[in-house]
Each structure stands twice: as C-alpha cells, then as structure tokens.
Amino acid sequence: MSDRFLVTGGGRLVGGVVVSGAKNSVLKLMAAALLAEGTTTISNCPDILDVPLMAAVLEGLGCVVRLDGDIVEITTPETPRYRADFEAVEKFRASVCVLGPLLARCKRAIVALPGGDAIGSRPLDMHQQGLRQLGATSKIEHGCVVAEAEALHGAEVSLEFPSVGATENILMAAVLATGETTIINAAREPDIVDLCDMLVQMGARIEGAGTSVLSVVGVEKLHPTSHRVIGDRIVAATWGIAAAITQGDVEVSGIDPAHLSLVLDKLRAVGAEVTTRENSFRVVQRNRPVAVNFATLPYPGFPTDLQPMAIVLAAVADGTSVITENIFEARFRFVEEMMRLGAQTRIDGHHVAIRGIPQLSSAHVWSSDIRAGAGLVLAALVADGVTIVDDVFHIDRGYPSFVEDLKSLGVEIVRVPASD
Ligand code: UD1
C-alpha cells in the first residue's frame, strides 16, 4: 500500500532550497555508461527511486553498479548483455534509452517496452525510424523492441518532432557508428546538452549540442569518464511556482537559471519579483498572482512537466487563464483532481480555461504521475484545511527530499501509510 501526504494549506513558503541533479539527465547518463568498457562515475545524482531502478537495469545487462550518496559508479564489461527484457526495465520510461547504446555495443538489443507515467500514449516510432536510418532493423515483438545491426553507419536523420528520447537514442547509437550522422530537428533540452557533454568527455565527436542540428562523427571506441549531473530545472521551477502561488519568498539554488528563462519570465508576468544569480534564483510574490496563459512546447518553450504547476497557479490567479498542452494528450487527467479542490476549469480539446479563485478547498486527491502528484501538493498549499494526497510513490520518483524541503519552507506536511 502506498503512502499519502496530509498537507495543511494556508501558509506562505519562505526560505531556501537546494535542488540536486536532474532526473531526466541522470538516467540517460547512466545508460551512456554502457558505451564504454570500464568505470564511469556520475555525481550530483538525485535520491529518487528511478536511480536505483536504472542501476537494476544496468546490472541486468552485466554492469556492476555502486550507489554511494549522490555518486553512482558504473563498471561496464567488455561486452554487455543485449537483452533488457526483465522486470526492472518495464517499470519506467527512461529505461528505453539503453536501446541506442546496446545496439552500438552489442550489434543487437531487445528492450521491453517501458511503463512510466500515465500521461498519454508514448510511441517509439521516431526512435525506431532513426535507428533504421543508421542501418539497423527494428521491430516490436512480444512486447519488446528488437533491433539488430551488423554495422551502424552515419546518416541524415530528420525527426518529425524534436523528441527528447529519440534524439538521445539516435545520438548514443551514432557516436559509435561509422561516418557522420546529422540529426535534424533534434531536441534542445538542457538534458541533451548534458548528455552530449558527457559523451564528448568520453571521446565522442559531437557538434551542435543545444541547437536543433546535431552533427556526430562516429569513433571506434569511447572511454569511461567522471561527470556531474546538471541541476533539475523542473524541481527548481516547482519551488519557484510554489513561492508565487503562496505569495511567498523562496531562493532556489543548485540550478542554472538560464535553463528556466521562459518559466522565470512567466513568473514575472504573474507579478513575482524574480532575481537570478549564476547558480540560483529567488522568487518573491507580494500580491495575489495575476492570470497569464501558458502553452507547453519543446525546450526552450514552457515544459510540459510544469503544466500541472501552471494549472495550480492559474487556479488561484486573479483573472482567467488558458493552458494549452501540446506534448502529451492525457495530461489533463490532473484537471479532474483539481476540480475536487474547487478549481474552476473547463477543458476544450488540448486547452483548459481556468477562472482563478482566491483559495482552493481541501479534499482527498490522487496522484497519477510524478508531476501531477507534485502539482496536487502545491494546490494543497493554497487550500483551506488539510488535503490528503494519495499515491505519493509517484512523487518519490522525481522529487528527492520533497517533504523535508516543504517543511523547511514552513509547510505542515506529514507522510503516513494510506491505511491510517
Ligand atoms: C522526456 C521526459 C519527460 C518530458 C518529455 C518532454 C524523460 C525520462 N522524460 O520524455 O519528462 O515530459 O521528455 O519534454 O526524459 N513521440 C512520438 N514518437 C516517438 C517519440 C515521441 O510520437 O518515437 C511523441 C510523444 O508521444 C510525445 C512527444 O513525441 O507526444 C514528445 O515526447 P519525447 O520528447 O520523446 O518525450 P520523452 O523522451 O518520452
């Protein structure tokens, strides 16, 4: 049985939080360790469930993994196993990023189709199409992606959408392919730049990281390295938005604020005073936030992972906002839970119109994915009384020290087994 949070609303968030490494970066960096025989060390790893899960995936592939505080050490054998069709793989989406490295190292890969968050169908057609263009065969068989390539060769790959996962898999296959690969319409997320930085330290030849054209010249062999994960911009922005909705004052450090330019501009637009330094930012909100519109888009657009938080902000803002979801079709399931808390919402296709009210009303709500779970806790902060947030195991997958951080910012929150 999963735990639940009891959250008492009504207070202002005041204080400072330090964010750790980005979930969506560390899992790919761990997969990249498969590309080189020997020991790769990754530091600033977040204390979240998906890290030991990814460690279990790598162990199933023959690696030896040591987790020690915020450091993970991965020792990859000369030839990893190519079958990733065991239980740990199915438990989370990011496991699919072993596909590219396994294909590059083992000439074949069998990877179970991943589970993960209930935010809509998440096909792998672009991953498969890109790998085919590099010379692989790829099909779905018995619930697994089955890919084979006697030899991978460079190619021009045009993505029809800048998919983060497809860019990563194609990139990690291309670094060991023969010749030059160009990925056109590549994802530009900071996580991709972080992965490129680590691959370059391992000896890969990549240009264009952070732009929509990635050029890769394949090399014969990569070597292990040590790398520090970038700070988690989604966790950092969650705290920034929490400060705005509670009319609080929060300093967030451990993050490059340049990764959140648009999000911080949106916070300024709702009336917050936002100041930035090299590795931190501070959000001070003195009055009720004013309504602004949000539309999710690939980076550098507004992140879909912050869409639930934008909905909470709109739910208590002065005026009416329209939130548009352009990435994942099922993400508005969260809106139903917000309605239990009294939010005034109306869904029309992939838009939701929200008329803000000064305060939400506490209720019993259920998390459906990592970000929706965090969004519900934020909503509970601006509800009268005590809100019960159930299924918080989702939140544990993405937010290290969530309860401790909230407590340090002045929130009354307790974690109890769901049976209590
Ligand atoms: C990653 C992040 C997730 C974030 C998302 C978008 C991880 C583990 N997860 O997910 O938190 O919300 O980026 O920023 O890093 N698509 C296809 N075919 C494909 C691949 C994707 O149609 O082959 C579609 C998806 O269904 C979705 C869109 O493209 O509608 C974007 O998905 P993608 O960028 O690939 O997201 P993920 O890498 O799965």
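Residues numbered from 1 in each chain as written. Predicted model: local features only at pLDDT ≥ 70, side-chain atom pairs only at ≥ 80, totals over all residues. Heavy atoms only, no water.

The next subject is the site of the ligand. As a matter of local geometry, the ligand sits amid 20 residues, with Lys-28, Asp-125, Ser-163, Asp-305 and Ile-327 nearest to it. Lys-28 has a polar side-chain atom sitting 2.7 Å from an oxygen atom of the ligand. Between the ligand and Asp-125 there is a distance of 2.6 Å, counted from a nitrogen atom to a side-chain nitrogen or oxygen. Contact with the protein chains covers 87% of the free accessible surface of the ligand, which is 740 Å². Elements with a contribution of two residues or more to the shell around the ligand: helix 1 (23-32), helix 5 (125-133) and helix 6 (164-174). With three residues, the top contributor of residues to the shell around the ligand is helix 5. Both domains that meet at the shell around the ligand, namely domain 1 (3-19 + 231-417) and domain 2 (23-228), each give it at least three residues. (Near = heavy atom within 4 Å. Polar contact = N/O pair within 3.5 Å; in protein donor to acceptor, adjacent residues only side chain to side chain. Areas by Shrake-Rupley, 256 points an atom, 1.4 Å probe, with all protein chains shown as cover. Helix = DSSP H or I, 4+ residues; strand = E, 2+ residues; numbered from the N terminus. Domains from an automatic or database assignment.)

Enumeration over the complete set of coordinates arrives at four aromatic pairs. For the pair Phe-294 and Phe-302, a centre-to-centre distance of 4.9 Å together with 55 degrees between the ring planes defines the contact as tilted. By relative accessible area, Phe-294 is classed as buried at 5%. By relative accessible area, which is 2% here, Phe-302 ends up buried. Through a chain of ring-to-ring contacts, the aromatic side chains of Phe-5, Trp-239, Tyr-399 and Phe-402 assemble into a single cluster. (Phe/Tyr/Trp six-rings, centres within 6.5 Å; stacked < 30°, edge-to-face > 60°. Buried < 20%, exposed > 50% of the residue type's maximum accessible area, 1.4 Å probe, protein only.)

We now examine the state of the cysteines. Evaluation of the coordinates by the stated rule reveals zero disulfides. Its sulfur unpaired, Cys-144 is 15 Å from the next cysteine sulfur, which belongs to Cys-106. Unpaired in terms of disulfides, Cys-196 finds its nearest cysteine sulfur in Cys-97, a separation of 14 Å. (Disulfide = S-S within 2.5 Å.)

In space, the four strands of this open sheet follow the order 4-5-3-14, with mixed pairing throughout. Lying at the two open borders of the sheet, with one neighbouring strand each, are strand 4 (64-68) and strand 14 (226-228). Looking at each pair of strands side by side, their axes are set apart by 15 degrees on average, direction ignored. As judged from the five bridges shared by strand 4 and strand 5 (residues 71-76), these two strands associate in the antiparallel manner. Residue pairing in the sheet places Val-64 in a bridge with Thr-75 of strand 5. (Pairing = 2+ DSSP bridges. Axes fitted to C-alpha atoms, helices over the stretch in contact; angles between N-to-C directions.)

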